[in-house]
Structure formats: C-alpha cells, structure tokens
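Take a look at the letters that make up each chain.
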Amino acid sequence: MDDAHRAVAVVPGTGDWWQSMLAALAGGASAVVLADPVVLPRRAVEPDQWPRDVPVIVERPRLRPDIVGDAVGARRGSHARMVTVECAAPAVGLDGAILDGFGWARSLIGGPLSFRAGIATAQGRLALLDSGADDGSVPASLMGTPVGGLHGGGLLQVLALGEVRTEVTVDQPAGLNRVETVTEEGALRAPERYESSARLALRRAIEACSSGGPVADLHDLFQDMALTWALLDA
C-alpha cells in the first residue's frame, strides 16, 4: 500500500488480510481498519509482531462495540451466571459467525474464556467454555449451524442469564441488531443504532490516531480466533 503513509488504511478482511495489514504498516499507515475479517489458519498470523503504536480497529458487523456497550451497560454491573450463543450462517461464513459469537460471550462475561470441549463436523459446531475465574467460573456454550446460501452474513442469538437477563439478536440479512434487557424493574430494549458499521470503524480509527490511547480490538480478535481454532481442531 504505497499510498498509506500517515493515513488510515482500510484492509478488507478477505483473503490473507494479515499480510495486507503488514503491507499497510510498511507503507507508513497511522492506523488500520480491518474490515470483517475471516478466520485465517493459525500459522498465517503472528499477533505478537504487530507494533503497539499503530492502532488496529477491527470492524466486526456482528459484534459492534456500540451495541456491545448497550448490552453490557444495561446490566449495570450485574454478572452473568451463564451465557449461551447460537450461530447460523451459510457454510462459507459459519466460522466468521462463530468467531463473533465467541466475542459476544467474552464481552457479556467480562473477560477471557477457556475452551473446555467441543466438536466440529460438517453438520455443525458445538463448544463448551468457561471463564476460569478464581472467584467462580462462568460457563458458556456455543452452537453453530450451517444453513443454505452462498454469502456470509449470518444470525446470532445470545442469551446471558443471571439476576439480569440479556437477549441479543443479530440478523445480518435482515439488518437487525436488537438488545433486550430484563431486570426486576421490567424489560428494556436498546434504541436502534443508525450509524453504519463501516462509518463507526473509521470514526474510531480517527479518534485512536488523535488520542494515542490503546485499542484492544486486535487483542480481542485473536482471543476469539484462538477459541475458533480450538473448536475447529476438536
């Protein structure tokens, strides 16, 4: 990317996006937006080699940070006791949906997850996880089902149980992102977000360049990708 000097470089998440990110880095990019990345083979990436001073904003349309913030914030600090995630997508996009499903579980539990058991077949995927916390582990499960169709997209349904109940539905073909929270006071639905996922990612990249603060997107992506690799190897 010869035109990336001091710019925000947008790297499509298709193909070998890791090498494309390195090319943007070599071109002098001030920040990188990684758009909807696919799951790469484990050997294709070296996350520890990325310099900390070049922020990477990962656009994950099924795991938007503003909608995650709505879901987590509405819980008002109430810890999830269990999280379940159901994913459905055409076979070509199922691993990407699972990747973001792991991200939702991590976000609602509030920390990294450990892979405990799983099975991956042509008919679907099933993973059992937990938070591994010293003060009481929180279990999580994820189920992925292939459906008909030729494009990526996908459907995620997430349920976090505890004193507060959180239900999240992400339906990409329908353009739906819905967050509902149920407490002893009643049910609350988060307001609809009208900013596009791509515009949100670009705005966050510009803000990261201005502030110079740390961005956890790449770290979080590789946490979720490690779980996806573990499931695919199960």
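The numbering scheme is per chain: residues are counted from 1 as the chain's sequence reads. A pLDDT threshold of at least 70 governs which residues receive local features in this predicted model, and a stricter bar of 80 or more applies before side-chain atom pairs are shown or counted, although totals over entire chains, interfaces and linings include all residues. Water and hydrogen atoms were dropped before computing side-chain values, which therefore reflect all heavy atoms in the structure.

A. Layout of the sheet that holds strand β2 (residues 31-35). Sheet architecture is open: three strands sit in the order β1-β2-β3, paired in parallel fashion. Where the open sheet ends on each side, the last strands, each with one partner, are β1 (8-12) and β3 (56-59). The sheet shows a mean angle of 20 degrees between the axes of neighbouring strands, taken without regard to direction. Judged from the four bridges that link them, β2 and β3 form a sheet pairing that is parallel. Along β3, the bridge assignment pairs L34 with V58. Where helix α1 (residues 17-26) meets the sheet, its contacts fall on β1, β2 and β3, and the angle it forms with β1 comes to roughly 165 degrees. Across the face of the sheet, helix α5 (residues 217-233) comes into contact with β2 and β3 while running at roughly 50 degrees to β3. When DSSP locates at least two bridges between a pair of strands, those strands are taken to pair. Secondary structure elements follow DSSP: runs of H or I of four or more residues count as helices, runs of E of two or more count as strands, with numbering from the N terminus. Only the stretch in contact is used when a helix axis is fitted, and all axes are lines through C-alpha atoms; the angle between N-to-C directions ranges over 0 to 180 degrees. When checking whether two residues touch, look at their non-hydrogen atoms; a contact exists if any pair is within 4.5 Å.

B. Main features of the packing of α1 against α5. At a closest axis distance of 15 Å, the pairing of α1 and α5 adopts a crossing angle of 165 degrees. Here α1 is positioned roughly antiparallel relative to α5, judged by the angle of their axes. Relative to α5, the crossing made by α1 is left-handed. Of the residues in α5, those touching α1 at W17, W18 and M21 are L218, L221, F222 and M225. Throughout this entry, Asp, Glu, Lys and Arg are counted as charged residues, while Ala, Val, Leu, Ile, Met, Phe, Trp, Tyr, Cys and Pro are counted as nonpolar. The remaining residues, Gly among them, count as polar. Grouping the amino acids of the contact of α1 with α5 by side-chain chemistry returns seven nonpolar, no polar and no charged. Any angle from 65 to 115 degrees is called roughly perpendicular, while one under 35 is roughly parallel, one over 145 is roughly antiparallel, and all others are oblique. Helix crossings get a hand from a simple test, with the near helix turned counterclockwise from the far one by less than a right angle marking a left-handed crossing and a clockwise turn marking a right-handed one.

C. Focus on the packing of helix α3 (residues 94-109) against α5. Closest axis-to-axis distance for the α3/α5 pair is 9 Å, and the angle between their directions is 120 degrees. In terms of orientation, α3 and α5 fall into the oblique class. Where α3 crosses over α5, the two elements pack in a sense that is right-handed. Between α3 and α5, the contacting residues are D95, I98, L99, F102, G103 and R106 on the first element and D220, L221, Q223, D224, M225, L227, T228, L231 and L232 on the second. Taken together, the residues of the contact of α3 with α5 break down into eight nonpolar, three polar and four charged.

D. A look at the packing of aromatic side chains. Each Phe, Tyr or Trp ring, with Trp reduced to its six-membered ring, pairs with another whose centre is within 6.5 Å; inter-plane angles below 30 degrees give stacked pairs, above 60 give edge-to-face pairs, and intermediate values give tilted ones. Counted according to the given criterion, the structure contains three aromatic pairs. In textbook terms, an aromatic cluster arises when at least three aromatic residues are bridged by ring pairs, as seen for W17, W18, W50 and F222.

E. Layout of the pattern of salt bridges. Each salt bridge in this description consists of a side-chain nitrogen of Lys or Arg and a carboxyl oxygen of Asp or Glu lying within 4 Å of one another. Here the structure, examined in full by the defined rule, presents 19 salt bridges. The salt bridge partner of R189 is E180, with a shortest N-O separation of 2.4 Å.

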